Amino acid sequence: MSEAQATPIRPKSEGREPIVVYDRVVKRFGSFTALNGVVAQVFPGEVVCLIGPSGSGKSTLLRCTNKLETIDEGAVIFDGMPLPAEESLARVVRRRMGMVFQSFELFPHMTAIGNVMSGPMTVLGTSAGQAREEGMALLAKVGLEHKAESYPGELSGGQQQRVAIARALAMKPEVMLFDEPTSALDPETVGEVLAVMRKLAEEGMTMVVVTHEMSFANRVGDWVIVFDHGRVVEEGPPGQIFGNPIEKRTQDFLSHIGWSM
Amino acid sequence: MTFDWSVLWASLPALLDGARTTVLLTVLTMAVSIPGGILIMLLRVAPNRTLNAIGTVYVEVARNIPLILLAFWVYYVLPLLLDLRLPPFWAGLLSLSLIISAYNAETFRAGVNSIRRGQSDAALALGMSRAQVMRKIILPQAGRRVLPILANTWVSLFKDTSLVSVIGVHELAFTALQIRTTTFRVLEILTAMAVIYWAMGYPQAKLVDWLHRKYGVVE
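Residues numbered from 1 in each chain as written. Chains lettered and ligands numbered in written order. Predicted model: local features only at pLDDT ≥ 70, side-chain atom pairs only at ≥ 80, totals over all residues. Heavy atoms only, no water.

### Structural notes on the pattern of salt bridges
The following threshold applies: Within this document, salt bridges are pairs made up of a side-chain nitrogen of Lys or Arg and a carboxyl oxygen of Asp or Glu, the two lying within 4 Å of each other.
By the definition in use, this model includes 27 salt bridges over all chains. The network of salt bridges with shared partners includes Lys27, Arg63 and Glu69 of chain A together with Arg117 and Asp121 of chain B.

Next up, the structure:
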């Protein structure tokens, strides 16, 4: 094993402060320890992919990032500040992060454009006119401006997820959190969602992506973090994780899901 | 046995007047009890323990005493207790509203609980406050979902308004029973009363069926 592999290069970290730091994060659900001292960093402009077996804690870590879950020990630091304990201050931090869910969670009583407008209008007090204009631009960006007046129930899974991405982007977030965004999709619509995510990545959006799409993590990810039993098993650039993993548990996980190096 | 249906023609204006009061009582009770029910539901789901206890005690008391007893209590006891003497109509409206609000609170609570957690997660993730999540995201969905149940409550309420006749509210039942007393035409009057209740209730029941078909399916 060469030196270069032992201390992998992380290009987007050069001369930059991380935007998200997980400092020995512990999260328990009753007697179950979901996160057991997670240490990790996300740098601006990076696409960080969290992979690992189901129940290994990756989604929980994502939910701790914007305080949808509170942590029991350690700290989650966003832009140099630990997440505030007080709810009203935590809300201000949440606005700066967008989140996309496995099950889309579009608001079923609003149209696609209504969903996209809901955040800015409710939270930022943006006027309806401006929110609509910006929202239409975002729907165009995800290729769905022609579905603006459709309700979520009238859209395919892939379309719903693209609207959900537009809804999150409407808040002009600094970081986008993706919680298994393609796991609930029909195989034929996975590609359209990944394409939108890839475009976002190319525009320089900072993204934390919990995913089972290994080829996405391999091709689009800048940094891959492997989870098991609430801990980081291994992290590194995709070339290392998918080409030449160091840890036995990483190798086991990848071979278990059928990844061939 | 001879029937004298002509008594009905003579009584018809009075009966229709009673029917109008029945409808008015139903509409006003619901108009009070929908916001009332939402308010009490919000108390019941509040994180604050005191508010929570107030909501729970209210619901458990109000929905477990007979309406007829509450009507008597409001009409006869409130004047003694608080020196508050309400005219029969308002006493009846108050009693009905107190009980229907408790029913509606439970209906709304079931509706709110049926909205999956991901919906509030998504709204919170956008930066909404808990109050905004409730108002913009949860309640509109819950409201649609409980519409058929509210409609059922409406139909029951429509018939239960007859109970406040015991404190002298001049609604349909009171009026009919009064005419019976003065004319002794028991069969005719009670039949007319049944027909009027049925004729007004049946379209409402059909409307409920329609709402069930339209909104009753979940997800």
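### Some remarks on helix α7 (residues 172–183) of chain B
Residues and elements named next belong to chain B. As a reminder of what qualifies: For helices the rule is a DSSP run of H or I covering at least 4 residues; for strands it is a run of E covering at least 2, with both sets numbered from the N terminus onward. Given a helix with a known number of residues, its expected span is that number minus one, times 1.5 Å. Summary of the burial criterion: residues with accessible area below 20% of their type's maximum are buried, those above 50% are exposed, and those between are partly exposed, where the area comes from a 1.4 Å probe applied to protein chains only. In what follows, residue pairs with any heavy atoms lying within 4.5 Å of each other are defined as contacts. Here a polar contact is taken to be a pair of N or O atoms separated by no more than 3.5 Å, where protein atoms must pair a possible hydrogen donor with a possible acceptor and residues adjacent in sequence count only if both atoms sit in side chains.
Its 12 residues give α7 an end-to-end C-alpha distance of 16 Å, which sits within 8% of 16 Å, the value for a rise of 1.5 Å per residue. Those residues of α7 that sit buried are Leu172, Ala173, Phe174, Thr175, Ala176 and Ile179. In this fold, the buried residues of α7 make contact with α1 (6–45) and α8 (186–215). Capping the start of α7 is the job of one residue whose side-chain oxygen sits 3.0 Å from the backbone nitrogen of Ala173: Glu171. Downstream of α7 by a residue or two, Phe184 has a phi angle that is positive, lying close to 65 degrees.

### Regarding the packing of helix α6 (residues 130–160) of chain B against α8 of chain B
All names here are of chain B. We count it as follows: Axes here refer to lines fitted to C-alpha atoms; in helices the fit is confined to the stretch in contact. Angles between the N-to-C directions go from 0 to 180 degrees. Small angles under 35 degrees read as roughly parallel and large ones over 145 as roughly antiparallel, with 65 to 115 read as roughly perpendicular and the rest as oblique. Left-handed describes a crossing whose near helix is turned anticlockwise from the far helix by less than a right angle; the clockwise case is right-handed. Under the convention adopted here, Pro, Cys and the residues Ala, Val, Leu, Ile, Met, Phe, Trp and Tyr are nonpolar, Asp, Glu, Lys and Arg are charged, and Gly plus all remaining residues are polar.
Here α6 crosses α8 at 170 degrees, and the two axes come no closer than 9 Å. One element, α6, and the other, α8, form an angle in the roughly antiparallel class. Along this stretch, α6 crosses α8, giving a crossing that reads as left-handed. Contacts from Arg144, Leu147, Pro148, Ala151, Asn152, Trp154, Val155 and Phe158 of α6 reach α8 at Tyr197, Met200, Gly201, Gln204, Ala205, Val208, Leu211, His212 and Tyr215. Class assignment of the residues belonging to the contact of α6 with α8 gives a composition of 12 nonpolar, 4 polar and 1 charged.

### A few points about the interface of chain B and chain A
Interface size is often expressed as the accessible area that is lost when the parts come together. Facing 19 residues of chain B, the contacting portion of chain A comprises 24 residues. Where chain B meets chain A, there are 3 salt bridges. Two residues, Asp121 of chain B and Arg63 of chain A, come together in a salt bridge whose shortest N-O distance is 3.0 Å. One can count 6 residue pairs in polar contact (both at pLDDT 80 or more) joining chain B with chain A. At the level of elements, α5 (117–125) and α6 of chain B are the ones that each hand at least two residues to the side of chain B that touches chain A. Ranked by residues supplied to the side of chain B that touches chain A, first place goes to α5 of chain B with 8 residues. Along the lines of polarity and charge, the residues of the side of chain B that touches chain A split into 8 nonpolar, 6 polar and 5 charged.

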